[in-house]
Amino acid sequence: MEIQEISKKNLISGAFLAFEGIDGSGKSTQIQMLAAKLRERGVRFYTTMEPTDSPIGSLIHQIMTGRIKADNRVIAALFAADRLDHLLNEVDGIAAKIADGISVISDRYYFSSYAYHSVDMPMEWVVQANEQSSAILKPTATIFIDVDPDIALERISRNRFHKELFEKKSMLVRVREKYLEAFERLKDSENIIMIDGSQTPQRISEEIWQRVCEYFVLK
């Protein structure tokens, strides 16, 4: 699928990169590798993730690990609320950081909600629930690491002691399909970078760097 890239933002403010992918796609590894490159080049940046470690995010983590039960609509609404707090929190909100010239790299953003929650409810509902976040801050680029669900599950089984709510093959297959549906739906208003996640971590890292280095002021 060919994704249209929108024009690049100016570099007065910090860049905002959102990493996306099904569970086990290797996002966390790639964020660490990108962070190392930026650190070497003296770029001011901040790494973060969703759900956050705020009170709302902590509640979501308890639901994801099965300690608390909640309806899927409640879960989707909690993610939308946690995302707004992630943006606007007075202590460490990312919208203010970017306005101050600090680049932000986030492990997940609103495309995760579009993909995961639209498995159980209309995507239009999920998109509307996240409209405020989209209006406040769109990513400079969304980096989607595309990986086969079987490979993702292998990685999850090697690296984790327990599986979370969405970490089943049938769910990961559906979620990947929903990601692609969301990208197609929003291709004219979002900058999507598709990365083949079946490559080695080093090769993926090099490809990501080639695609995003222009968004940073490098020393």
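Residues numbered from 1 in each chain as written. Predicted model: local features only at pLDDT ≥ 70, side-chain atom pairs only at ≥ 80, totals over all residues. Heavy atoms only, no water.

A. Structural view of the packing of helix α1 (residues 27-40) against helix α10 (residues 201-212). Direction vectors running N to C along α1 and α10 enclose 55 degrees, while the axes themselves pass 10 Å from each other. Taken as axis vectors, α1 and α10 run oblique relative to one another. For the pair α1 and α10, the sense of crossing is right-handed. Only P201, Q202, I204, S205, I208, W209 and V212 of α10 make contact with α1, whose side of the interface consists of Q30, M33, L34, K37 and L38. (Axes fitted to C-alpha atoms, helices over the stretch in contact; angles between N-to-C directions. Helix = DSSP H or I, 4+ residues; strand = E, 2+ residues; numbered from the N terminus. Parallel < 35°, antiparallel > 145°, perpendicular 65-115°, else oblique. Left-handed = near helix turned anticlockwise from the far one by under 90°. Contact = heavy atoms within 4.5 Å.)

B. Inspection of the sheet that holds strand β2 (residues 45-49) at higher detail. The parallel open sheet is built from five strands, whose spatial order is β2-β3-β1-β4-β5. Looking at the sheet topology across the chains shown, the edges are occupied by β2 and β5 (192-196). If you compare each strand with its neighbour and ignore which way they point, the axes differ by 20 degrees on average. Sheet topology places strand β1 (residues 16-20) next to strand β4 (residues 141-146); four bridges connect them, and they run parallel. (Pairing = 2+ DSSP bridges.)

C. Quick look at the packing of aromatic side chains. A complete count under the given rule lists ten aromatic pairs for this structure. Their ring planes at 80 degrees and their centres at 4.9 Å tell us that F16 and Y109 sit as a pair that is edge-to-face. Highlighted residues: F16 in strand β1 and Y109 in the loop between β3 (103-107) and α5 (110-117), separated in sequence by 93 residues. The buried category is assigned to Y109, whose relative accessible area is 1%. Cluster of aromatic residues (ring-pair linked, three or more members): F16, Y109, Y110, F111, Y114, Y116, F144, Y179 and F183. (Phe/Tyr/Trp six-rings, centres within 6.5 Å; stacked < 30°, edge-to-face > 60°. Buried < 20%, exposed > 50% of the residue type's maximum accessible area, 1.4 Å probe, protein only.)

D. Representation of the confidence of the model for the chain. Chain-level statistics for the chain give a pLDDT mean of 90 and a share of 90% at 70 or above. A low-confidence stretch, residues 1-11 stays under pLDDT 50, and its non-local contacts, those more than four residues away or across chains, total 27 contacts. (pLDDT = per-residue confidence, 0-100.)

E. Seen up close, the environment of L88. Its location among the elements puts L88 in helix α3 (residues 72-88). Each C-alpha atom, one on L88 and one on I136, is 9.2 Å from the other, the two residues being 48 residues apart in sequence.

F. Local environment of the pattern of salt bridges. All told, the structure shown has 13 salt bridges when counted by the stated rule. Salt-bridge contacts for D150 lead to K169; the nearest nitrogen and oxygen are separated by 3.1 Å. Placement of the pair is D150 in helix α8 (residues 149-159) and K169 in helix α9 (residues 169-185), with a sequence separation of 19 residues. Linked through salt bridges whose partners overlap, the residues forming this network are E20, D23 and R108. (Salt bridge = Lys/Arg side-chain N within 4 Å of Asp/Glu carboxyl O.)

G. The arrangement of unusual backbone geometry in detail. Of the consecutive residues E50 and P51, the connecting peptide bond is found in the cis state with omega at -5 degrees. Position of P51 relative to the elements: it lies in the loop between β2 and α2 (55-64).

H. Quick look at α9. Between the first and last C-alpha of α9 there are 24 Å, a value that for 17 residues agrees with the 24 Å anticipated at 1.5 Å per step. For α9, the complete set of buried residues consists of M171, L172, V175, K178, Y179, A182 and F183. With its buried residues spanning 135 degrees around the axis, α9 presents them on a single face. (Expected span 1.5 Å × (residues − 1). Arc of directions from axis to C-beta.)

I. How the structure looks around the side chain of E207. By the element assignment, E207 lies in helix α10. Buried E207, no salt bridge; nearest opposite-charge side chain is R211, N-O distance 4.4 Å. Sequence-distant contacts of E207, that is, excluding residues within four places in its chain, are made with M194, I195 and Q199. (Lys, Arg positive; Asp, Glu negative; His and termini not counted.)

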